[in-house]
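Breakdown of the fold
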Amino acid sequence: LVIGVLILAGGLLLLPFLSFIIKDETPSINIYFAFSLFVCNALFSYVLNYKRVLLQADQKSSNINLVVSAVSLVSYSAKLVVLYKFNNYYLFIICNIVAKIIEDLIIWNIVDRKYPYIHKKRQLDKNTKADIAKKIKASIPHNISSYVVYSTDSLLLTYFSGSFQTGLYVNYNMIISAISIITNSLSNAVSAGMGNILAKEGRNYLFVNTKRLSLFNYWVYATISIALFFCAPYFIRLWLGEDLFLSELAVAAIAINFFLNGIRAPINSALSAAGILHENRFVPVTEAIINFTTSIVLAKLIGVPGIFI
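Sequence positions are assigned chain by chain, starting from 1 and proceeding in written order. A pLDDT threshold of at least 70 governs which residues receive local features in this predicted model, and a stricter bar of 80 or more applies before side-chain atom pairs are shown or counted, although totals over entire chains, interfaces and linings include all residues. Hydrogens and water are ignored here; the side-chain numbers use all heavy atoms of the structure.

1. Some details on the nonpolar core
Threshold: To define a nonpolar core, start from buried Ala, Val, Leu, Ile, Met, Phe, Trp, Tyr and Cys residues and group those joined through side-chain atoms within 4.5 Å. Residue exposure (1.4 Å probe, protein chains only): buried if accessible area is under 20% of the type maximum, exposed if over 50%, otherwise partly exposed. A run of DSSP states H or I qualifies as a helix once it reaches four residues; a run of E qualifies as a strand once it reaches two. Both are numbered from the N-terminal end. In what follows, residue pairs with any heavy atoms lying within 4.5 Å of each other are defined as contacts.
Counting residues in hydrophobic clusters, the biggest one holds 24 residues, and the most contacted among them are Leu246 and Phe308. Among the secondary structure elements, those contributing two or more residues to this core are helix H8 (153–161), helix H9 (163–200), helix H10 (203–240), helix H11 (248–263) and helix H14 (304–308). Counting residues per element, this core draws most heavily on H11, which supplies seven residues. Beyond its immediate stretch of four places on either side in the chain, Phe308 contacts Asp153, Leu157, Tyr169, Leu246, Ala250, Ala253, Ile254 and Asn257. With nine residues, the next largest nonpolar core counts Ile64, Val67, Ala99 and Ile110 among its residues.

As structure tokens, then:
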């Protein structure tokens, strides 16, 4: 609830500055209203979304995946109808909001039925409370840094190159997102298992399994990244037509980013399983500062590819 309120407050604070970020506004779209709808979508996610974590921790992610797949199918069908019949961008976003609320309510109901004891209030001892509080505080720089690294590319693209270049990037990002649904399902499946390994088998066995997964991820993501670099332009041409490509250097940087994120996934899973947040809290902050600074400098020097490099 606190995070949801912060998102709402942050969204309202950003509203006056949208025209500064989005310079080439589309006349047919009210960016303030569209942005407000996106803020609502994020708000509902945090208010209703938290219970699914219990299913993930209990290695019951299959329940989540089934619901997500079913709701996504209905959602995409509704969005196709909205775009084809009404050609209305606001209704398109509202479809996302409604689908997210339905998905979260179904998962909420599943959790309540599977774990009825979560409604019984219990007191934690002081040491456990202190440990949880320390890790939550440490997670704040991790999450902010992740946002800076992974979610500011579109903002910088829009600011330096205009929304058309952002649109081109979104096309490539949609391909990566589709691939990531499959690859992330592998990573998410082992994350809870790693916590189980640490609890039952100990640190050494967790370390061995992390190395095995790292080797596996290296081959999977190397193969996909190479295919992404060579095949994405052909797919874009088939899908959207000519003259909607990013430069070859930009696509290479996007593919390398995808590869690097993939090969570090097992290490991130191990860190998460072990609850190592406080010990390395300065690492993601350093990464975010380097990322944002070099993005701005290289965007000015070489344009769009600089942001991804």
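Read on, since the account is not over.
2. Considering a nonpolar patch on the surface
The line we're drawing: Like-charged residues within 9 Å of one another, or nonpolar side chains (Val, Leu, Ile, Met, Phe, Trp, Tyr) within 5 Å, are grouped into patches, provided each residue has over 30% relative accessible area and no salt bridge. Where accessible areas are quoted, they stem from the Shrake-Rupley method and a 1.4 Å probe; at the residue level, only the protein chains shown are allowed to cover. By convention in these notes, a salt bridge is any Lys or Arg side-chain nitrogen within 4 Å of a carboxyl oxygen on Asp or Glu.
The grouping of Phe86, Leu91, Ile94, Val98, Ile102 and Ile106 at the surface amounts to a nonpolar patch, some 500 Å² of accessible area in total. Looking at the nonpolar patch, the element that brings in the most residues is helix H6 (residues 89–114), giving five residues. Tracing the sequence through the fold places Leu91 in helix H6. In this structure Leu91 comes out as partly exposed when scored by relative accessible area, which is 35%.

3. Notes on empty space enclosed by the protein
This is how it is decided: Using a grid of 1 Å spacing that covers the protein atoms alone, one calls a set of points a cavity when a 1.4 Å probe fits there but cannot get out, and a pocket when the set is open and has protein on both sides within 12 Å along at least five of seven lines; lining residues are those with an atom within 4 Å of a point. Grid points are joined across faces, edges and corners, and a volume is the space filled by probe spheres set on the points.
Going through the model one piece at a time under the given rule, you end up with one cavity of 30 Å³ or more. Each pocket or cavity is described by its volume, and for the largest cavity that value is around 40 Å³. Looking at the lining of the largest cavity, the elements that each hand over two or more residues are H9 and H10. Examining the composition of the lining of the largest cavity, we find that four residues originate from one element, H10, more than from any other.

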